[in-house]
Amino acid sequence: PAAQSVVKAILALAGGLGLRVIAEGVETETQLAALRELGCDAAQGYLFSRPVPAVELTGRLREIWPS
């Protein structure tokens, strides 16, 4: 409950300032679902990928968004 209150406050503050929010450290589907429900704009973390070298990331991005 305390963490949810903090996330709500951050999202409200960012929304009031016209900013987008990227949640960092998302590790579970439950966390992602909660963030979506609260209106978070984006997320990153181990749920999506472990840290990878820049060269590998570049290759992955090219697969997703070819030029």
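Reading the values: the criteria
- Residues numbered from 1 in each chain as written.
- Predicted model: local features only at pLDDT ≥ 70, side-chain atom pairs only at ≥ 80, totals over all residues.
- Heavy atoms only, no water.
- Helix = DSSP H or I, 4+ residues; strand = E, 2+ residues; numbered from the N terminus.
- Rg over C-alpha atoms; globule rule 2.2 N^0.38 Å.
- Buried < 20%, exposed > 50% of the residue type's maximum accessible area, 1.4 Å probe, protein only.
- Areas by Shrake-Rupley, 256 points an atom, 1.4 Å probe, with all protein chains shown as cover.
- Core = buried A, V, L, I, M, F, W, Y, C linked by side-chain atoms within 4.5 Å.
- Contact = heavy atoms within 4.5 Å.
- 1 Å grid on protein atoms, 1.4 Å probe; cavity = no way out; pocket = protein on both sides within 12 Å on 5 of 7 lines; lining within 4 Å.
- Points joined across faces, edges and corners; volume = space filled by probe spheres on them.
- Nonpolar A, V, L, I, M, F, W, Y, C, P; charged D, E, K, R; others polar.
- Patch = residues over 30% accessible without salt bridge, like charges linked within 9 Å, V, L, I, M, F, W, Y side chains within 5 Å.
- Salt bridge = Lys/Arg side-chain N within 4 Å of Asp/Glu carboxyl O.
- Expected span 1.5 Å × (residues − 1).

## Considering the overall build of the protein
A count of helical and extended segments in the protein gives three helices and two strands. Start at the N end of the protein and walk to the C end: the helices and strands fall as α-β-α-β-α. A compact globule built from 67 residues would reach a C-alpha radius of gyration of about 11 Å, whereas the protein, at 14 Å, exceeds it by more than 25%. The principal-axis extents of the C-alpha atoms in the protein amount to approximately 40 × 25 × 15 Å. Out of the 67 residues belonging to the protein, those deemed buried represent 13%. Of the accessible surface of the protein, which amounts to about 5,500 Å², a share of 59% is contributed by carbon and sulfur atoms.

## Observations regarding the nonpolar core
The nonpolar side chains of a soluble globular protein tend to be buried with one another. Within the largest apolar cluster, eight residues are counted, these being Leu 11, Ala 14, Val 21, Ala 23, Val 26, Leu 32, Leu 35 and Cys 40. Elements that contribute at least two residues to this core include exactly α1 (2-16) and α2 (29-38). Apart from the residues within four sequence positions on either side, Leu 11 is in contact with Val 21, Leu 38, Gly 39 and Cys 40.

## Some remarks on the layout of surface pockets
Reported here for the largest pocket is a volume of approximately 250 Å³. Tallying contributions element by element places helix α3 (residues 54-64) first for the lining of the largest pocket, with four residues. For the lining of the largest pocket, a count of residues per class yields seven nonpolar, three polar and two charged.

## Observations concerning a nonpolar patch on the surface
A grouping of Leu 57, Leu 61, Ile 64 and Trp 65 is seen on the molecular surface, where their side chains present a nonpolar patch of about 430 Å² in accessible area. A residue is classified by how much of its surface remains accessible, and Leu 61, at 36% relative accessible area, is partly exposed.

## Re α1
For α1, built from 15 residues, the straight-helix expectation of 21 Å at 1.5 Å per residue is met to within 8% by its first-to-last C-alpha distance of 21 Å. Of the residues trailing α1, Gly 18 is marked for its positive phi of about 75°.

## What to know about the environment of Glu 63
Secondary-structure assignment places Glu 63 in helix α3. Each C-alpha atom of the pair Glu 63 and Cys 40 lies 26 Å from the other, and the pair is 23 residues apart in sequence.

## Points about the pattern of salt bridges
Using the criterion set out here, one finds one salt bridge in the structure. Here Glu 56 makes a salt bridge to Arg 60, at a shortest N to O gap of 2.8 Å. Residue Glu 56 and its partner Arg 60 are located together in helix α3, separated by four residues, close to a single helical turn.

Nothing here speaks to function; it is all geometry.
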